[in-house]
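The lines below spell out each chain.
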Amino acid sequence: MATTSSCYTSPLHTGIFSKQQSISPSSTSLLTYSTRRSPLSLRSMQRPVVVAAAANAVEVEKPAVAKTPSKILPFRIGHGFDLHRLEPGYPLIIGGINIPHEKGCEAHSDGDVLLHCVVDAILGALGLPDIGQIFPDSDPKWKGAASSVFIKEAVRLMDEAGYELGNLDATLILQRPKVSPHKEAIRANLSLLLGADPTVVNLKAKTHEKVDSLGENRSIAAHTVVLLMKK
């Protein structure tokens with residue numbers, strides 16, 4: 001008597017077998033087991049098809065700045081860093097205050113290392129692109145621009161996201177000139193630009209013990225940490 005071989009037709013469109021394609025009995029047990037799994041498991045079977053489609057999709061350019069952070073948190077912490085070369089013939093502007101010195105920051109804008117650092121700290125806390133992406137030095141409209149413009153935009157984005165400044169701690173690193181005679185003026189102006197109480201804005205200054213470009217008065221750097229609180 002002739003033996004009739006049975007076959008199994010998968011009712012699932014998995015991206016591997018078509019609806020009407022038969023498979024050998026040796027594979028029947030595997031597919032039968034798969035079809036009896038939960039709906040979650042079935043979605044897992046289809047996932048490779050979705051991934052393959054995404055890989056071949058045309059990439060759409062995303063906006064440089066998101067409107068709000070990806071997740072609403074009770075507080076956010078950001079860190080900023082900036083460094084500029086010091087060269088003769090440029091003004092030395094720190095925190096929006098013009099400091100008398102024989103050298104200044106060579107930069108596309110006014111080279112305010114402290115304000116640039118603060119902007120990056122706020123943007124970082126919000127999970128947004130850094131200052132160089134939002135205000136690129138390849139754009140001529142930012143040539144010589146006052147860094148207060150960048151601070152105001154960072155504050156606007158912070159407010160739009162529903163946050164306010166909890167506190168700010170900044171450290172300037174430079175060998176010369178001495179910052180102490182100008183520290184309170186810098187802190188007061190920074191507080192004003194941020195719309196914050198001066199008691200939540202702290203500023204420190206360190207030398208670099210005559211080590212490398214910072215210690216040799218060839219550059220200036222700054223670090224800033226900010227805490228943003230949900231309104």
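I will try to describe carefully the structure that is included in this document. Computed from a predicted structure; not experimentally measured. The residue numbering used here restarts from 1 in each chain and proceeds along that chain's sequence as written. In keeping with the model being predicted, local features are shown solely for residues with a pLDDT of at least 70 and side-chain atom pairs are shown and tallied solely at 80 or more, while totals for entire chains, interfaces and linings include all residues. Excluding hydrogens and water, the side-chain values take into account all heavy atoms of the structure.

Re the overall build of the chain
Of regular secondary structure, the chain possesses seven helices and nine strands. Exposure categories follow from relative accessible area, calculated using a 1.4 Å probe and restricted to protein chains: below 20% of the type maximum is buried, above 50% is exposed, and the middle band is partly exposed. With 231 residues in all, the chain has 36% of them scored as buried. Two residues qualify as a contact provided that any one of their heavy atoms is within 4.5 Å of a heavy atom in the partner residue. If you take every contact in the chain between residues at least 6 apart in sequence, the share linking residues at least 24 apart comes to 71%. A 1.4 Å probe and the Shrake-Rupley method give the accessible areas. Residues count as covered only by the protein chains that appear here. A total accessible area of about 13,700 Å² is found for the chain, and carbon and sulfur atoms account for 57% of it. Per the convention used, a helix needs a DSSP run of H or I reaching at least four residues, while a strand needs a run of E reaching at least two, with both numbered from the N terminus.

Focus: the environment of Trp142
Tracing the sequence through the fold places Trp142 in the loop between helix H4 (131-134) and helix H5 (148-160). Among all residues touching Trp142, those that are not within four sequence positions of it are His108, Ser109, Ile134, Phe135, Pro136, Val149 and Phe150.

Quick word on the sheet that holds strand S3 (residues 75-88)
With respect to topology, five strands assemble into an open sheet ordered S6-S3-S9-S7-S8, the strand pairing being mixed. The outermost strands of the open sheet, each flanked by one partner alone, are strand S6 (103-106) and strand S8 (201-206). On average, each strand axis in the sheet is tilted by 25 degrees relative to the strand beside it, whichever way the strands run. A pair of strands counts as paired when DSSP detects no fewer than two bridges linking them. When strand S7 (residues 163-173) meets S8, the two strands line up parallel, connected through six bridges. Paired with Leu168 across the strands is Val201, a residue of S8. Only the contacting stretch of a helix is used when fitting its axis, a line to C-alpha atoms as for every element, and angles between N-to-C directions run 0 to 180 degrees. Packing against the sheet, helix H3 (residues 113-126) makes contact with S3, S7, S8 and strand S9 (219-230), and its axis sits at approximately 155 degrees to S3.

So, the nonpolar core
We define the nonpolar core as a collection of buried residues of types Ala, Val, Leu, Ile, Met, Phe, Trp, Tyr and Cys that are connected through side-chain atoms lying within 4.5 Å of one another. Counting 47 residues, the largest nonpolar core has Ile94, Leu114, Leu126, Leu168, Leu172 and Leu194 as its most contacted members. When contributions to this core are tallied by element, the ones reaching two or more residues are strand S4 (92-94), H3, H4, H5, S7, helix H6 (183-194), S8 and S9. With 11 residues, H3 is the single largest residue contributor to this core. Beyond its immediate stretch of four places on either side in the chain, Leu114 contacts Ile94, Gly95, Ala170, Leu172, Ile186, Leu190, Leu203, Ala222 and Thr224.

So, the layout of surface pockets
In this structure, the largest pocket occupies an estimated 280 Å³ of space. A 1.4 Å probe that fits into a set of points on a 1 Å grid over the protein atoms alone but cannot get out defines a cavity; an open set with protein on both sides within 12 Å along at least five of seven lines defines a pocket, and lining residues are those with an atom within 4 Å of a point. For the largest pocket, the lining is made up of 15 residues, of which His84, His116, Ile131, Phe135 and Asp137 are closest to its centre. At the level of elements, S3, H3 and H4 are the ones that each hand at least two residues to the lining of the largest pocket. Per element, the largest residue contribution to the lining of the largest pocket is three residues, and it comes from S3. Gly is put with the polar residues, along with every residue not named as nonpolar or charged; the nonpolar set is Ala, Val, Leu, Ile, Met, Phe, Trp, Tyr, Cys and Pro, and the charged set is Asp, Glu, Lys and Arg. By residue class, the composition of the lining of the largest pocket is seven nonpolar, five polar and three charged. Grid points are joined across faces, edges and corners, and a volume is the space filled by probe spheres set on the points.

Notes on the pairing of S9
Pairing between S3 and S9: 11 bridges, direction antiparallel. Across the sheet, residue Phe75 finds its bridge partner in S9, namely Met229.

Points about the pattern of salt bridges
Salt bridge, as used here, is a side-chain nitrogen of Lys or Arg placed within 4 Å of a carboxyl oxygen of Asp or Glu. The full count for this structure, using the stated rule, is eight salt bridges. A salt bridge links Glu160 to Arg156, with the shortest nitrogen-to-oxygen separation between them at 3.2 Å. Here Glu160 and its partner Arg156 are both found in helix H5, four residues apart, which amounts to about one turn of the helix. We note a salt bridge from Arg187 to Glu184, for which the minimum N-O separation is 3.1 Å. Taken together, the residues span about one helical turn, with Arg187 and Glu184 both in helix H6 at a distance of three residues.

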